[in-house]
Amino acid sequence: MYSGTEDLIRALAESAESVCRHYLPARRREGSYWIVGDLQNNRGRSLFVRLTGPASGPGAAGKFTDGATGEHDDLLDIIRERTGIFRFPDLLAEARAHLGRPQSVVPDAPVPRKSKAPGGTPAAAARLFAASVPVACTLADTYLRSRGLTHGGEMSALRFHAKCWHRDEGQTRSLPRPALIAAVTDGAGLCQGVHRTWLAPDGQGKARVETQRRAMSHLLDRLNPHDDILVVGEGIETMLSLVEAVAGLPVWAALSSGHLGAVLLPEGLQRLYIAIDRDPAGRAAAERLSARARAAGIAVRVLEPRLGDFNDDLRANGKETLRQHLASQIGPVDRHRLSGSAASRRGRSGNSGAGGMDSCRGCRSSPSPHPGQSHPPDPRAAFKRWAGGRQRGRPFKDGGQLTSAGGRAAFASRSLSCQQRRRGA
């Protein structure tokens, strides 16, 4: 590739959002990505184009990935597919015309310009996560419990931010809203991105906004599994529902159907369970991932809910019924994890009651005098203990992870309970 073409591709990457608005107008920007159904500009969320990032290498701006087909390339290929121009000189001419460069010229020397700190970088994501607080006794805990999820306060990869900035398409300014913040880490446990879910003011559901979820920074890192098996599905709530029923299974949340189809399969994996949502996008993503896993010699089983997804099953039928339903689908070699799940939950939580740890038993019974929290904040649940090290790039110490791999997230160990934090444990 000659230097003129390289310069043109760099210029397209610098104007990535303009290119997407012109050639892929069916959708819009979400965080650091432009998300659309496919290269034919159909509506959907399978194809995502990175709008910000370095000029080259991992996370480079102007690169796209289609989770449905596995295709990945740059903006020049998007222009080719959308215009039908396949003769290379004509394709370059079309790109120059979009950029306001009607003729091929030797580029001028770059003019230094002052740039602000990017908002979609791993560093920005780490800052947001570090500025958040543990989930236990917050609106995020209220939200998760409204979905039947009692283990959110045990996950060190999940946190809460009372005033996370949000702006819908067409709005002129951002507004602070409460949000569930999920850390996306790499194989070393370092924060590479976050996933934000904005919540209603009382925590009883998601915020009434057009875009309720949004990712920040990298979502395509690789991680070695915690075991030789893995359960992967779409949403955070879906996979936490499986944790409620079967605590002995390592689970990853892919964050979307497009990411599920593009999950990077880790080395050493022997058995893969795919927890699907009962919709066409979820089934198609599961089929793509199954084909790739079997080609790599990995045994695959699909876990299918009775209702729309496993969180629907949990809320409608309870964790014991969900566990029995999963028992009929999990392979014989892994069924011992089902029988030990309740005991392992009690052992982790120090609570012998059914259902495991109830980290906010006292918090739910009294009204909160503190907006954005369901319990008065504990000054000793200190920022420095929970977040200071992570902001400086240290991995999670307790193994708790929400880890991206093709947009995946993995839940593991527990954090301290509310009672322990109050005692300064």
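About the thresholds
Residues numbered from 1 in each chain as written. Predicted model: local features only at pLDDT ≥ 70, side-chain atom pairs only at ≥ 80, totals over all residues. Heavy atoms only, no water. Helix = DSSP H or I, 4+ residues; strand = E, 2+ residues; numbered from the N terminus. Buried < 20%, exposed > 50% of the residue type's maximum accessible area, 1.4 Å probe, protein only. Contact = heavy atoms within 4.5 Å. Areas by Shrake-Rupley, 256 points an atom, 1.4 Å probe, with all protein chains shown as cover. Salt bridge = Lys/Arg side-chain N within 4 Å of Asp/Glu carboxyl O. Axes fitted to C-alpha atoms, helices over the stretch in contact; angles between N-to-C directions. Parallel < 35°, antiparallel > 145°, perpendicular 65-115°, else oblique. Nonpolar A, V, L, I, M, F, W, Y, C, P; charged D, E, K, R; others polar. Phe/Tyr/Trp six-rings, centres within 6.5 Å; stacked < 30°, edge-to-face > 60°. Lys NZ or Arg CZ within 6 Å of the ring centre and 35° of its normal. Pairing = 2+ DSSP bridges. Arc of directions from axis to C-beta. Polar contact = N/O pair within 3.5 Å; in protein donor to acceptor, adjacent residues only side chain to side chain. pLDDT = per-residue confidence, 0-100.

1. Focus: the overall build of the protein
- From N to C terminus, the protein includes 15 helices and 15 strands.
- Residues classed as buried in the protein amount to 53% of the 425 residues present.
- Nonlocal contacts in the protein, meaning residues at least 24 apart in sequence, comprise 62% of its contacts between residues at least 6 apart.
- When the accessible surface of the protein is totalled, it reaches about 19100 Å², and 52% of it is carbon and sulfur.

2. Quick look at the environment of Leu12
- Its place among the elements puts Leu12 in helix H1 (residues 3–14).
- For the pair Leu12 and Arg96, spaced 84 residues apart in sequence, the C-alpha separation works out to 9.0 Å.

3. Comments concerning the pattern of salt bridges
- Within the structure shown, the criterion is met by 15 salt bridges.
- Here Arg45 ties to Glu30 by a salt bridge, and the two come within 2.8 Å at their closest N and O atoms. Of the two residues, Arg45 sits in the loop between strand E2 (33–36) and strand E3 (47–50) while Glu30 sits in strand E1 (residues 28–30), which places them 15 residues apart along the sequence.
- Residue class for Arg45 comes out partly exposed when judged on its relative accessible area of 41%.
- The class for Glu30 is buried, based on a relative accessible area of 6%.

4. Focus on the packing of helix H7 (residues 236–245) against helix H11 (residues 319–327)
- Direction vectors running N to C along H7 and H11 enclose 95 degrees, while the axes themselves pass 8 Å from each other. With respect to each other, H7 and H11 are oriented roughly perpendicular. Residues Ser241, Leu242, Glu244 and Ala245 of H7 form the contact with H11, whose own contacting residues are Lys319, Leu322, Arg323 and Leu326.
- Among the residues forming the contact of H7 with H11, the class breakdown is four nonpolar, one polar and three charged.

5. Describing the packing of helix H3 (residues 75–83) against helix H4 (residues 88–99)
- Relative to each other, H3 and H4 sit at 100 degrees, their axes nearing to 10 Å. Classed by the angle they form, the pair H3 and H4 counts as roughly perpendicular. Residues Leu76, Ile79, Arg80 and Thr83 of H3 form the contact with H4, whose own contacting residues are Phe88, Leu91, Leu92, Glu94 and Ala95.
- Per-class residue counts for the contact of H3 with H4 are six nonpolar, one polar and two charged.

6. Quick look at the packing of aromatic side chains
- On inspection of all chains with the given rule, the structure shows one aromatic pair.
- Considering the side-chain rings of Tyr33 and Phe48, the 5.8 Å spacing of their centres and the 85 degrees angle between planes classify their relative orientation as edge-to-face. With Tyr33 in strand E2 and Phe48 in strand E3, the pair connects residues that are 15 residues apart, well separated along the chain.
- Take Tyr33: its relative accessible area is 7%, and that puts it in the buried class.
- Seen from the ring of Phe129, Arg159 lies directly overhead, with NZ or CZ sitting 5.2 Å from the centre.

7. Quick notes on the side chain of Thr211
- Mapped onto the secondary structure, Thr211 falls in the loop between strand E9 (191–198) and strand E10 (213–217).
- In this structure Thr211 comes out as buried when scored by relative accessible area, which is 4%.
- Excluding anything up to four places from it in sequence, Thr211 contacts Arg28, Glu30, His166, Asp168 and Trp198.

8. Considerations on the pairing of strand E7 (residues 158–166)
- Relative to E7, strand E6 (residues 133–134) is paired through two bridges, and the arrangement is antiparallel. The residue of E7 that forms the bridge with Val133 is Phe160.

9. With respect to helix H10 (residues 310–317)
- Residues of H10 that are buried: Phe310, Asn311, Asp313 and Leu314. An end-on view of H10 places all buried positions within 155 degrees of arc, on one side of the element.
- Where H10 is buried, its residues contact H7, strand E13 (271–275), strand E14 (299–303) and H11.
- Its side-chain oxygen at 2.9 Å from the backbone nitrogen of Asn311, Asp309 defines the N-terminal cap of H10.
- Downstream of H10 by a residue or two, Gly318 has a phi angle that is positive, lying close to 90 degrees.

10. Section: the sheet that holds strand E5 (residues 72–74)
- Judged by pairing direction, the sheet is antiparallel, and its five strands sit side by side in the order E1-E2-E3-E4-E5 without closing on themselves. Each edge of the sheet is formed by a strand with only one pairing partner; in this case those strands are E1 and E5. Mean inter-strand twist for the sheet, computed between neighbouring axes without regard to direction, equals 30 degrees.
- As judged from the three bridges shared by E3 and strand E4 (residues 63–66), these two strands associate in the antiparallel manner.

11. Overview of the confidence of the model for the protein
- Across the protein, the average pLDDT comes to 75, with 71% of residues at 70 or higher.
- Here residues 220–224 scores under 50 on pLDDT; set against residues more than four positions off or in separate chains, the count is 31 contacts.
- The low-confidence segment residues 341–425 (pLDDT under 50) makes 230 contacts with residues lying over four places distant or belonging to another chain.

12. Side note on helix H2 (residues 16–23)
- For H2, the set of buried residues is Ala16, Val19, Cys20 and Tyr23. In an axial view of H2, the angular spread of the buried residues amounts to 95 degrees, which keeps them on one side of the axis.

13. Side note on unusual backbone geometry
- For Asn41, which is not glycine, the phi torsion reads 70 degrees and is therefore positive.
- Along the polypeptide, Asn41 turns up in the loop between E2 and E3.
- For Asn41, a relative accessible area of 16% gives the class buried.
- The residue Cys137 is not glycine, and still its phi comes out positive at about 70 degrees.
- Relative to the assigned elements, Cys137 resides in the loop between E6 and helix H6 (139–146).
- The class for Cys137 is buried, based on a relative accessible area of 6%.

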